[in-house]
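# Geometric and topological summary
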Protein chains: 2
Amino acid sequence: MERSVFFISDGTGITAESFGQSLLAQFSGPTFRHHTLPYVDTPEKAVRALTLIKETHLHEVIQPILFMTVLNEEVSKLLHTSGAYIIDLFATFLPGLEMELGSHPLYTVGKKRSTTSSASYHRRIEAVQFALDNDDGARIRHYEKADIIVLGASRSGKTPTCIYLGLQFGIYAANYPITEDDFDKGIKLPDFLRPHKERLFGLTINPARLSGIRNERRPNSRYASVRQCQYEIQMVKQIYNQEQISYIDTTEFSVEEIATRIMDQANLTRRLK
Amino acid sequence: MERSVFFISDGTGITAESFGQSLLAQFSGPTFRHHTLPYVDTPEKAVRALTLIKETHLHEVIQPILFMTVLNEEVSKLLHTSGAYIIDLFATFLPGLEMELGSHPLYTVGKKRSTTSSASYHRRIEAVQFALDNDDGARIRHYEKADIIVLGASRSGKTPTCIYLGLQFGIYAANYPITEDDFDKGIKLPDFLRPHKERLFGLTINPARLSGIRNERRPNSRYASVRQCQYEIQMVKQIYNQEQISYIDTTEFSVEEIATRIMDQANLTRRLK
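Computed from a predicted model, the values in this text were never measured in an experiment. (Residues numbered from 1 in each chain as written. Chains lettered and ligands numbered in written order. Predicted model: local features only at pLDDT ≥ 70, side-chain atom pairs only at ≥ 80, totals over all residues.)

### Observations concerning the sheet that holds strand 3 (residues 65-69) of chain B
All names here are of chain B. Reading across from one edge, 2-1-3-4 is the order of the four strands in this open sheet, with parallel pairing throughout. Edge positions in the open sheet fall to strand 2 (31-37) and strand 4 (85-88), since each of these has one partner strand only. Across this sheet, the average inter-strand angle for adjacent strands is 20°, counted without regard to direction. Alignment of strand 3 against strand 4, held across four bridges, turns out to be parallel. (Pairing = 2+ DSSP bridges. Helix = DSSP H or I, 4+ residues; strand = E, 2+ residues; numbered from the N terminus. Axes fitted to C-alpha atoms, helices over the stretch in contact; angles between N-to-C directions.)

If you want it as structure tokens, here you go:
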């Protein structure tokens, strides 16, 4: 039996959703049906959300769960009449924090953004652009501007990781795919990467998983074969070990986790205020 | 005077940070100094974090604030001896949810990922790849596979928005930059976009802001002049209105907000479980 979970916010709903999901993931029994309603910022939209919650309650019999991050007081009051099991993130912590800080909350949505400077905004966009311009070994000449250069076999997760490093942390991340061609002169680090050795970081991945990913792109190719993937992963690991390049295995991690672990292990500090 | 805020997690810390920042943004008075410590998942790391908090307390005199999302019970206990003003997200809500669900929490980190299927992981990576392959009008032939095609003047935020739509929602988002060349035959929608009209979505931006962004890339160029930016923005708006294409002004929004608003206004549903 499924139980409905609503994530409702007068902002993007991203906080309610990501927090709610981590919390629910702690329970292995029930399965949940997710509904995210962002920008519920008027009484009219709140009433529509209420109707949806009540209909779901009627249909599923069991009481829905509601995670809410709502600052608009009218919207908040209405949602509290929904009959759902409510986890109200702002109402729970704002009063205590108000006492602690000795200052009144603004109760206005989307203030988070205004705490980030326009310089941060630029940095972020520029960092994403840097990741794109320096993707897949495209422009070796920009490596001196990179905060980090991510290495790995083709399709081991370099591109989304580099983009995420730019988007979330403002880090300039270039990436270079190590391929068989790099092994022409033996199993060693390509020479042009050597001057940047301090900033190299490696990715590995389970060869069977890699083969699965490559098969989606080029089914039944030599490139996608388990044997080829095993070979390449073994070679890149050998290079990482030889050169003492830090690396992580991406098999079990989401893009966020890979990026955050790189930040941590490579001792990078975020570039966004 | 600044007051230190710690975001500590035995996972990525992204939830603690994003929630803590929205909460603190509700208070306009104090300024905060942020410290994020991810992967504090052993007693040893917890002790190092404790030391840092206590030293900060000593140095700044005022009690630091600590937002924590920690599942490891030993780490959690240690952090509760820090002397900080603590907002403990899991401890606050897990017991109630345990009662409500009638099942015991697992208290294991990083379970969120395992609730997302491997199919979701592929979809996400493929969606980011789609955004890259269909960036800047590169491959018009793939538009039929797009969930949405984002239009806008050069540097108005299309690329990061499309990548974020892929990363966060698994949406296939292509983008097409409308330039002066498109106005050769009058101010109208390029013909090849017409078959995809239902899936078009426009971005606009304040011309002065656009000029600032373009100036970072090509200082003092005609391309970056306020006059040129005003002209292009006026033209794209005219096209959106003519063709009744939904659009949003990106000037005041972060990438997350732009993407979430597009999801909402274009009635897109996420492709990730």
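There's plenty left to go through after this.
### Considering helix 10 (residues 255-265) of chain A
Turning to helix 10 of chain A, its buried residues number three or more, namely Val255, Glu257, Ile258, Ala259, Thr260, Ile262 and Met263 of chain A. Lining the buried residues of helix 10 of chain A we find strand 5 (148-152), helix 7 (158-169), strand 7 (200-204) and strand 8 (247-249) of chain A together with helix 1 (14-24) and helix 7 (158-169) of chain B. One or two residues past the end of helix 10 of chain A sits Asn267 of chain A, with phi positive at roughly 60°. (Buried ≥ 20, exposed ≤ 12 C-beta atoms within 10 Å, placed from the backbone. Contact = placed C-beta atoms within 7 Å.)

### As for the interface of chain B and chain A
Facing 51 residues of chain B, the contacting portion of chain A comprises 51 residues. Among the elements of the structure, helix 1, strand 4, helix 4 (89-101), helix 5 (111-115), helix 6 (118-133), helix 7 and helix 10 (255-265) of chain B are those that each provide at least two residues to the side of chain B that touches chain A. A class-by-class count of the residues in the side of chain B that touches chain A yields 26 nonpolar, 17 polar and eight charged. (Nonpolar A, V, L, I, M, F, W, Y, C, P; charged D, E, K, R; others polar.)

### As for unusual backbone geometry
All names here are of chain A. One non-glycine residue with positive phi stands out, namely Tyr39, at about 55°. Residues other than glycine seldom take positive phi values, yet Asn220 does so here, at roughly 55°. Inspection of the secondary structure puts Asn220 in the loop between helix 8 (207-217) and helix 9 (226-243).

### Here we look at the domain arrangement of chain A
As assigned here, chain A comprises domain 1 (2-114) and domain 2 (117-265). With centres defined by C-alpha atoms, the gap from domain 1 of chain A to domain 2 of chain A works out at 38 Å. (Domains from an automatic or database assignment.)

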